[in-house]
Amino acid sequence: MSGSPAAVLIRQHLIDPETCIRCNTCEETCPVGAISHDRHNYVVNVDVCEWCQACIEPCPTGAIDNYRVLGRDQAYGLTQQLAWDALPAPTAAVAPQAPVPHHDHLVAPAPASAAVPAVNLFPPGHPLPASLLDRRRINAANAESEVWQLLLALPADAFPLLEGQSLGIVAPGLDGEGRPHAMRLYSVASARDGEDGQPGQVAIAVKRVTHSHEGKPAHGICSNYLCDLAPGAALAVHGPFGQRFLMPEDAASRLVLIGTGTGLAPLRAMIERRSRHPQRYGGAPMVLFAGARSAADLPWLNELLRRPAGLLRTHFAFSRVAGQPRQYVQDRLLEEHAAIYAALCAPTSYFYLCGRKGMEAGVHAALAEICRRHGDDWAARLPELAAAGRFHSETY
Ligand code: NAP
């Protein structure tokens, strides 16, 4: 039957505004630019979406995995979706098969040996009550901006966390439009067995946002709420989120960690885990490239300096030190090109990038240059690394 447009049923791909945490992963993942957002919602353009489903697996909450069956001419437009506070009621019709063309995309799965994460036990709207045990400054008092480590008390059995996962926090109150504030994700900075080995004690790193990335004054609602929270205060957490940025459990595995600013949080969790159980992870030293504007700005500097070289080799990159040339993590990667190239080639080495969005392009350019110097091609090597779960990025 060749129906009129009204008679043609489609299965429209939609994002649930109630469970979406606005992390932008879907928009970044979509290879055809079908996903966009405004201050309120993330939405899918039905005319552009090709059903490759690249966005489904990376979504930390499953908000992306929603569909409605309706006539082609009744498909929800972007303006409608942007205004939603909740998805429209499901339709009763049986879903027609959606075409699923194949697209290559570089969303790396978790390493094959990674522990199985628990995900979304406390989804948006259903938080787990927690409390703040402690709050301490983890960059120097004279740093350009404040970074705090918050130690949260959570029932460990109710909220199991693996290194590389994150939890969500919604600042209390309503925004200027009378809506709840957007959830903010924070990577867990402690190991799965808890900060200092104390089950149920979870560390996160929060930078007090007083300026936008462009340097204009801006008040971060959630970061200021958390940076001012008094020990003993109650708060509510969501999650755990994330099922890919996980470390291998294989004892032969080696970690190359590349982080800037508070993006060091999940890398610190991995370092903590491996430092606490060196025999279990084979004892091979981890390598860390850590970037900040200055030593004063770098979170956990003193702690990093205290780590034994047999466990962690750290290369610092400081971008704004008076009288010195600007150094980024990618510059230090280039300096270490022989060791980095060896790690790229070793099937037991795993790479983790975390921090500013902008660092990704710089790190990829450095790795491309390293490959070129060694007669190799990064464009060909990257898909292999990603498919093997050996190259992970989490940048915002
Ligand atoms: P930041 O102070 O803005 O930056 C840290 C360093 O990165 C600075 O030296 C900065 O240099 C440098 N940098 C800027 N652009 C770069 C580029 N294109 N390539 C390489 N280095 C570059 O760091 P931050 O404000 O803490 O931001 C950290 C990021 O990590 C945020 O985007 C945050 O969302 C993300 N993150 C946070 C968590 C968490 O749990 N809190 C977890 C995962 C990721 P200049 O500024 O001098 O150019």
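As a starting point, this report considers the structure included with it. Not measured: the values here are computed from a predicted model. Here, residues in each chain are numbered from 1, in the same order as that chain's written sequence. Only residues with pLDDT of at least 70 are given local features in this predicted model, and only at 80 or more are side-chain atom pairs given and counted; all residues enter the totals for whole chains, interfaces and linings. Values reported for side chains reflect all heavy atoms of the structure, with hydrogen atoms and water molecules removed beforehand.

1. Here we look at the layout of surface pockets
Phase 1 of the analysis: Grid spacing is 1 Å over the protein atoms alone, the probe is 1.4 Å, and a cavity is where that probe fits but cannot get out, while a pocket is an open set with protein on both sides within 12 Å along at least five of seven lines and lining residues have an atom within 4 Å of a point. Grid points are joined across faces, edges and corners, and a volume is the space filled by probe spheres set on the points. In this structure, the second largest pocket spans a volume of roughly 650 Å³.
Phase 2 of the analysis: Lining of the second largest pocket is provided by 31 residues; of these, Thr25, Glu28, Thr29, Arg244 and Ser393 occupy positions nearest its centre.
Phase 3 of the analysis: A run of H or I in DSSP counts as a helix once it spans at least four residues, and a run of E counts as a strand once it spans at least two, with each numbered from the N terminus. At the level of elements, helix H1 (25–29), helix H8 (358–373), helix H9 (378–387) and strand S15 (391–395) are the ones that each hand at least two residues to the lining of the second largest pocket.
Phase 4 of the analysis: Considering every element that reaches the lining of the second largest pocket, the biggest residue donor is S15, with five residues.
Phase 5 of the analysis: Any residue that is not Ala, Val, Leu, Ile, Met, Phe, Trp, Tyr, Cys, Pro, Asp, Glu, Lys or Arg is counted as polar, Gly included; the first ten are nonpolar and the last four charged. Split by residue class, the lining of the second largest pocket holds 14 nonpolar, 11 polar and six charged.

2. Re the sheet that holds S15
Phase 1 of the analysis: Pairing between strands is defined by DSSP: at least two bridges between the two strands are required. The strand order across the open sheet built from five strands is S13-S12-S11-S14-S15, with neighbouring strands paired in parallel fashion. The open sheet has two edge strands with one neighbour each: strand S13 (312–318) and S15. Taken pair by pair, the neighbouring strands of this sheet meet at an average axis angle of 10°, ignoring direction.
Phase 2 of the analysis: Alignment of strand S14 (residues 349–355) against S15, held across five bridges, turns out to be parallel. Bridging from a neighbouring strand, Gly355 pairs with Thr395 of S15. Interaxial angles span 0 to 180 degrees and are taken between N-to-C directions of axes, which are lines fitted to C-alpha atoms, for helices over the stretch in contact.

3. Some remarks on the site of the ligand
Phase 1 of the analysis: Residues in contact with the ligand amount to 23 residues; listed here are only the nearest, Lys207, Ser319, Arg320, Tyr328 and Arg356.
Phase 2 of the analysis: Pairs of N or O atoms are called polar contacts if they sit within 3.5 Å, as long as, within protein, a hydrogen donor faces a hydrogen acceptor (for residues adjacent in sequence, only side-chain-to-side-chain pairs). With respect to the ligand, the side chain of Tyr328 contributes an N or O atom lying 2.4 Å from an oxygen atom.
Phase 3 of the analysis: Taking Tyr396, its main chain carries an N or O atom lying 3.0 Å from an oxygen atom of the ligand.
Phase 4 of the analysis: Expressed as a share of its isolated accessible area of 920 Å², the protein-covered part of the ligand is 86%.
Phase 5 of the analysis: The set of elements that each furnish at least two residues to the shell around the ligand consists of strand S8 (184–187), strand S9 (201–207), strand S12 (286–292), S14 and H8. We call a residue near a given molecule or strand whenever any one of its heavy atoms falls within 4 Å of it. With residues, only the protein chains shown are counted as cover, and all accessible areas are computed by Shrake-Rupley using a 1.4 Å probe.

4. Examining empty space enclosed by the protein
Phase 1 of the analysis: In this structure the tally under the stated criterion is four cavities of 30 Å³ or more.
Phase 2 of the analysis: For the largest cavity, the calculated volume is near 110 Å³.
Phase 3 of the analysis: Lining the second largest cavity are 13 residues, with Cys20, Cys23, Cys26, Cys59 and Pro60 positioned closest to its centre.
Phase 4 of the analysis: Residues of the lining of the second largest cavity, tallied by class, amount to nine nonpolar, three polar and one charged.

5. Considering the packing of aromatic side chains
The relation between two aromatic rings is expressed through the spacing of the ring centres and the mutual angle of the planes.
Phase 1 of the analysis: Ring pairs are drawn from Phe, Tyr and Trp, using the six-membered ring of Trp, whenever the two centres fall within 6.5 Å, and their geometry is named by plane angle: stacked under 30 degrees, edge-to-face over 60, tilted for the rest. Under the counting rule described, the total for this entry stands at seven aromatic pairs.
Phase 2 of the analysis: An angle of 75° between the planes, with centres 4.9 Å apart, marks the rings of Tyr76 and Trp84 as edge-to-face. Trp84 carries the same exposure label as Tyr76, and that label is buried.
Phase 3 of the analysis: Cluster of aromatic residues (ring-pair linked, three or more members): Phe351, Trp378 and Phe391.
Phase 4 of the analysis: Residue placement shows Arg135 over the ring face of Trp148; its charged tip is 4.3 Å from the ring centre. Relative accessible area decides the class of each residue, using a 1.4 Å probe on protein chains only: under 20% of the type maximum gives buried, over 50% gives exposed, and in between gives partly exposed. Consider the ring centre and the ring normal. A charge sits over the ring if Lys NZ or Arg CZ is within 6 Å of that centre and within 35 degrees of that normal.

6. Quick word on the sheet that holds S8
Phase 1 of the analysis: With antiparallel pairing, the six strands of this open sheet are ordered in space as S8-S7-S10-S5-S6-S9. At either margin of the open sheet sits one strand with a lone partner, and together these are S8 and S9. On average, each strand axis in the sheet is inclined to that of its neighbour by 45°, with strand direction left out of account.
Phase 2 of the analysis: Here strand S5 (residues 128–137) pairs with strand S10 (residues 234–241) via four bridges, running antiparallel. Across the sheet, Pro129 pairs through a bridge with Ala236, a residue of S10.

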